[in-house]
Amino acid sequence: MDRVYLMPTVGSGSSSQDPRKPKYADLIDAVSGARWDMVDYGREPVMLVKATAIDASTHATIAADAEVSALPLDLTQQIGANLGLVQTALEDRNIPGSNLVPASWTYRQLVRGVIIVFQFTQRLDGQGVRLFTGGVTVGSQWSTVPTATQTALQDMAASFGFGLTVTGTTTVRQILRQLYDQWPVTFLVFGGEQW
Amino acid sequence: MALPATDAFTDTNGVTLPTHNANWVMNNGAFQIQSNTLQTNSAGAEIAGHWTGDTFADNQYAKLTLASASAAGVIGPAVRCAAGATATYYGVYSGTVGGAGLTQFFKNVAGTWTQFGSNIFGAAVNDIYMIDANGTTLTAYKNGSSIATTTDSAITSGSAGVTGFDSNTTRGDDWEAGNLAAAVVYQPYQMAVQMRMD
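Residue numbering note: each chain is counted from 1, following its sequence as written. Labels are handed out in written order, letters beginning with A for the chains and numbers beginning with 1 for the ligands. Residue-level local features of this predicted model are given only where pLDDT is at least 70; pairs of side-chain atoms are given and counted only at 80 or more, and the full residue set underlies all totals for whole chains, interfaces and linings.

Peer 1: Got a sec to walk through the overall build of chain A? Specific residues and values, please.
Peer 2: Going along the chain from the N terminus, every DSSP run of H or I of four or more residues is numbered as a helix, and every run of E of two or more is numbered as a strand. Scanning chain A from terminus to terminus reveals six helices and seven strands. Secondary structure elements of chain A, listed N to C terminal, follow the sequence β-β-α-β-β-α-β-α-α-α-α-β-β. Radius of gyration (C-alpha) of chain A: 17 Å, near the 16 Å computed for a compact globule of 195 residues. Taking the principal axes of its C-alpha atoms as reference, chain A extends roughly 50 × 40 × 30 Å. Across the 195 residues in chain A, those meeting the buried criterion constitute 43%. Taking all contacts inside chain A whose residues are at least 6 apart in sequence as the whole, residues at least 24 apart take part in 63%. We take the radius of gyration over the C-alpha atoms and set the globule estimate at 2.2 Å times the residue count to the 0.38 power. Exposed residues have 12 or fewer other C-beta atoms within 10 Å of their own C-beta, buried residues have 20 or more, and partly exposed residues fall in between, where C-beta atoms are placed from the backbone. The contact criterion used here is simple: two residues whose C-beta atoms, placed from the backbone, lie within 7 Å are in contact.

Listed below in structure tokens is the structure:
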């Protein structure tokens, strides 16, 4: 079966001998015929991971880790009554949830939304900037974000060709939502499929 | 020069890549020429170099043939390599590490190496590996078939090049790189006109 997770990052990334990769990459690789694919949240310590063809016992081990959030097997079902759990799981990792994810979304739409939001911190990483450091969270207001990070956010938005409208009280989650809303309606590839 | 850029690495044994051709600039580590192929030459370290003889579009590709392999070390093509000596690029490299013939698909951002997915096994001498970057979509190919693909926005531009790891007899040959053909995007009004013409 195929499963999707949010899980911590391990590895220093100093070289391919100690790569940045998902916490359970080695466990997934130990399953015959299984593989993993990931999209990272820039330099933040979390990855969206798709495990392809893993077995039930391996999934149970991964899902039992309190640091892991496992999406349901059927990604076509709506989030519905699990909305609070989903939003909390996202916000605990500084991924906007409360202002981004509605109950009407399916989990497939959630995966697509997370991939899109992750693109913004990846671009910041390419600019040499980590967003969620020095006390900055998704709830931080623009006026409290360091000036260099503010500049990096504006540069990042411009690099995508996106606009960014902020006041002193605009939160980081609102900024990421603004950027999300401007992402073009195109397929995204991840884990051997389009989202 | 005109794209695609090519290099068959024909030169004297032991010549470094930038000495072989001044259009090559190293990002990190070292390559050298051996037996008219490109060989990794940095023990236990990541290696990359990029081609400065042409200007590449953001949407670009690079490919390299796995010419020989050893018990350690990997080599392959890279795209969107940073200018100068910064270890920033997307790459796919292969070898016969542990005898299994593995391929790794990755990004290196300012020296932080991140793997996009599981190792892919089955690499063999004379396989041709290619990587392309098309907007935020990255795809790795073996002998013309896609073997891995992902979405990543960390690196937006740069030059095509080569990448590797370690110092041994793993070698690459027949490097080629160029721009991807521009995609045809139909706007709604164009689609309507096209439908009427059809």
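Peer 1: Help me get a handle on the overall build of chain B, residues and values and all.
Peer 2: Along chain B, the regular secondary structure elements total two helices and 14 strands. Relative to the compact-globule value of 16 Å for 198 residues, chain B shows a C-alpha radius of gyration of 17 Å, a close match. Looking at the 198 residues of chain B, the share that counts as buried comes to 52%. Counting only contacts in chain B whose residues sit at least 6 apart along the sequence, the fraction spanning at least 24 positions is 64%.

Peer 1: Explain the interface of chain B and chain A to me, using residue names and the numbers behind them.
Peer 2: Residue-level contacts link 23 residues of chain B with 24 residues of chain A. At four residues, the largest contribution of residues to the side of chain B that touches chain A is made by strand β9 (residues 112–115) of chain B. A breakdown of the residues in the side of chain B that touches chain A according to their chemical character gives eight nonpolar, 13 polar and two charged. Note on residue categories: nonpolar means Ala, Val, Leu, Ile, Met, Phe, Trp, Tyr, Cys or Pro, charged means Asp, Glu, Lys or Arg, and polar means any other residue, Gly included.

Peer 1: Break down the nonpolar core for me, citing the residues and quoting the values.
Peer 2: In this description, a nonpolar core means buried residues of the types Ala, Val, Leu, Ile, Met, Phe, Trp, Tyr and Cys, linked to one another by C-beta atoms lying within 7 Å. Membership of the largest hydrophobic core comes to 97 residues, with the highest contact counts inside it found for L48(A), V49(A), I115(A), A78(B), V79(B) and I131(B). No other element matches the nine residues that helix α4 (residues 107–126) of chain A contributes to this core. Among all residues touching I131(B), those that are not within four sequence positions of it are Y61(B), A62(B), P77(B), A78(B), V79(B), Y90(B), G91(B), V92(B), L138(B) and A140(B).

Peer 1: Could you give me a rundown of the packing of α4(A) against helix α6 (residues 172–181) of chain A, with the residues and numbers involved?
Peer 2: Residue and element names in this part refer to chain A. Contact pair α4 / α6: the axes reach a minimum separation of 10 Å and the direction vectors enclose 110 degrees. Here α4 is positioned roughly perpendicular relative to α6, judged by the angle of their axes. For α4 against α6, the interelement crossing comes out right-handed. Residues G113, I116, V117 and F120 of α4 lie in contact with α6, whose contacting residues are L176, L179 and Y180. Axes here mean lines fitted to C-alpha atoms, for a helix over just the part in contact, with angles spanning 0 to 180 degrees between N-to-C directions. Working definition: roughly parallel below 35 degrees, roughly antiparallel above 145 degrees, roughly perpendicular at 65 to 115 degrees, and oblique for all remaining angles. Crossing handedness: left-handed means the near helix sits turned counterclockwise from the far one by under a right angle, and right-handed means the same turn made clockwise.

Peer 1: Would you mind going over the environment of S16(A) in detail, with residue names and values included?
Peer 2: Within the fold, S16(A) resides in the loop between β1 (3–10) and β2 (21–22). If sequence neighbours within four positions are ignored, S16(A) has contacts with E46(B), Q104(B), W113(B) and F165(B).

Peer 1: Tell me about the environment of M7(A), residues and numbers included.
Peer 2: Residue and element names in this part refer to chain A. Position of M7 among the secondary structure elements: in strand β1. For M7, a count of 25 C-beta atoms within 10 Å corresponds to the buried category. Excluding anything up to four places from it in sequence, M7 contacts P22, K23, Y24, M47, V49, E67 and V68.

Peer 1: Before we move on, can you summarise the confidence of the model for chain B with the specific residues and values?
Peer 2: Residue and element names in this part refer to chain B. Values of pLDDT, the confidence the predictor places in each residue, fall between 0 and 100. Averaged over every residue, the pLDDT of chain B is 90; the share at 70 or more is 90%. Counted against residues more than four places away or in other chains, residues 184–198, with its pLDDT under 50, gives two contacts. Listed scores for the predicted complex are pTM 0.93 and ipTM 0.96.

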